[in-house]
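Here is how the chains run, residue by residue.
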Amino acid sequence: DAGITQSPRHKVTETGTPVTLRCHQTENHRYMYWYRQDPGHGLRLIHYSYGVKDTDKGEVSDGYSVSRSKTEDFLLTLESATSSQTSVYFCAISGPGRGNNEQFFGPGTRLTVL
Amino acid sequence: ILNVEQSPQSLHVQEGDSTNFTCSFPSSNFYALHWYRWETAKSPEALFVMTLNGDEKKKGRISATLNTKEGYSYLYIKGSQPEDSATYLCALAGGTSYGKLTFGQGTILTVHP
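Note that this is a predicted model, so its numbers are computed, not measured.

### A closer look at the overall build of chain B
Working step 1: What chain B contains, in helices and strands, is zero helices and 11 strands.
Working step 2: In sequence order, chain B lays out its α and β elements as β-β-β-β-β-β-β-β-β-β-β.
Working step 3: Taken over the C-alpha trace, chain B has a radius of gyration of 14 Å; the compact-globule value for 113 residues is 13 Å, and the two agree within 12%.
Working step 4: Based on the C-alpha atoms only, the size of chain B along its principal axes is roughly 45 × 30 × 20 Å.
Working step 5: The buried share of chain B, reckoned over its 113 residues, is 50%.
Working step 6: Taking the contacts inside chain B whose residues are at least 6 apart along the sequence as the reference set, 54% of them involve residues at least 24 apart.

### Digging into the sheet that holds strand E8 (residues 72-77) of chain B
All names here are of chain B.
Working step 1: Read from one edge to the other, the open sheet built from five strands follows the order E1-E3-E8-E7-E6, with strand pairing classed as antiparallel. In this open sheet, the two strands that pair with only one neighbour each are strand E1 (5-7) and strand E6 (56-59). The average undirected angle you get between the axes of adjacent strands in this sheet is 15°.
Working step 2: Alignment of E1 against strand E3 (residues 19-24), held across three bridges, turns out to be antiparallel. Within E3, the residue paired with Ser7 across the bridge is Thr22.

### Some points on the side chain of Ser80 of chain B
Residue and element names in this part refer to chain B.
Working step 1: Mapped onto the elements, Ser80 comes out in the loop between E8 and strand E9 (86-93).
Working step 2: By relative accessible area, Ser80 is classed as buried at 0%.
Working step 3: Beyond its immediate chain neighbours, meaning those up to four positions away, Ser80 contacts Val13, Gln14, Glu15, Gly16, Asp17, Ser18, Thr19, Arg61 and Val111.

### Observations concerning the sheet that holds strand E1 (residues 4-7) of chain A
Residue and element names in this part refer to chain A.
Working step 1: Spatially, the four strands line up as an open sheet ordered E1-E3-E8-E7, and their pairing is antiparallel. Each of the sheet's edge strands pairs with one partner strand only, and the pair in question is E1 and strand E7 (64-70). Across the sheet, the mean angle separating the axes of adjacent strands is 20° when strand polarity is ignored.
Working step 2: Pairing between E7 and strand E8 (residues 73-78): five bridges, direction antiparallel. Residue Lys70 lies in a different strand from E8, and its bridge partner there is Asp73.

### Brief notes about the state of the cysteines
Residue and element names in this part refer to chain B.
Working step 1: Inspection of every chain in the model, using the stated rule, returns two disulfides over all chains.
Working step 2: Between the sulfur atoms of Cys23 and its disulfide partner Cys90 the distance amounts to 2.0 Å. Between Cys23 and Cys90 the sulfur-sulfur dihedral comes to about 75°; the bridge is accordingly right-handed. Of this pair, Cys23 sits in strand E3 while Cys90 sits in strand E9, placing them 67 residues apart in sequence. By the burial criterion, Cys23 is buried, and Cys90 matches it.

### Details of the side chain of Gln6 of chain B
Residue and element names in this part refer to chain B.
Working step 1: With respect to the secondary-structure elements, Gln6 resides in strand E1.
Working step 2: At 3.0 Å, the side chain of Gln6 forms a polar contact with the backbone nitrogen of Cys90.
Working step 3: Setting aside chain neighbours within four positions, we find Gln6 in contact with Thr22, Cys23, Trp35, Tyr88, Leu89, Cys90, Gly104, Gln105, Gly106 and Thr107.

### Concerning the environment of Thr82 of chain A
Residues and elements named next belong to chain A.
Working step 1: Along the chain, Thr82 turns up in the loop between E8 and strand E9 (87-94).
Working step 2: Each C-alpha atom, one on Thr82 and one on Val113, is 6.2 Å from the other, the two residues being 31 residues apart in sequence.
Working step 3: Only 2.9 Å separates the side chain of Thr82 from the side chain of Ser84, close enough to count as a polar contact.

### Overview of the interface of chain A and chain B
Working step 1: Listed by partner, the interface residues are 22 residues for chain A and 24 residues for chain B.
Working step 2: In this assembly, chain A packs against chain B so that about 2000 Å² is buried in total across both faces, 60% of it on carbon and sulfur atoms.
Working step 3: Of all residues in chain A, Leu43, Arg98 and Phe105 of chain A bury the most surface against chain B, accounting for 28% of the area lost on that side.
Working step 4: Applying the counting criterion to the chain A and chain B interface returns zero salt bridges.

What counts, and where the lines are drawn
- Residues numbered from 1 in each chain as written.
- Chains lettered and ligands numbered in written order.
- Predicted model: local features only at pLDDT ≥ 70, side-chain atom pairs only at ≥ 80, totals over all residues.
- Heavy atoms only, no water.
- Helix = DSSP H or I, 4+ residues; strand = E, 2+ residues; numbered from the N terminus.
- Rg over C-alpha atoms; globule rule 2.2 N^0.38 Å.
- Buried < 20%, exposed > 50% of the residue type's maximum accessible area, 1.4 Å probe, protein only.
- Contact = heavy atoms within 4.5 Å.
- Pairing = 2+ DSSP bridges.
- Axes fitted to C-alpha atoms, helices over the stretch in contact; angles between N-to-C directions.
- Disulfide = S-S within 2.5 Å.
- Polar contact = N/O pair within 3.5 Å; in protein donor to acceptor, adjacent residues only side chain to side chain.
- Buried area = accessible area lost by both parts, 1.4 Å probe.
- Salt bridge = Lys/Arg side-chain N within 4 Å of Asp/Glu carboxyl O.

By themselves, these figures tell us nothing about what the structure is for.
Encoded structure:
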């Protein structure tokens, strides 16, 4: 298994509170991604990173920010959590390229916003 | 936003049946097509990555074909087993930088003993 961990694995929080999810990899892969998984939507890309301090938005980035200060860590922050952000969040990593490398996924974080 | 469609949404088959699913994508935005298998309570795992028109890949009882000109890929499972029960996702890499993928909604396969 690719060395990807996510923390926390489960979190319950209240509307309006900030939340940070962490993705940590030991594979030294350059690209990292955050997805959310919702019924009927499959996986949707929130943000991605193509190197340290290099990040960009995905298709559902509103309400989320990211940071990558070192190769192994990619943080996803919900500045002020809303109930619509209740979801399962997956981190993924891959080697460099335009999409011909498979992505390896972390175990997921289940976030509930009350 | 690229539109990747999978059909059917769900499928119930009996053990031993062979089955197939479809992934449709815009042929004008093709760079690579991925298939992932996603078991309940686990993470998605890659089955295949295909890049060439006419590509055919196989892993055990599972195989996939690719037609980039008409924008579709088929995933086949021969002699389905209960352990094949999972959600099967396809994802399109549209050729932009950084390997971004657009996923379909998935096909949920249930194999009954």
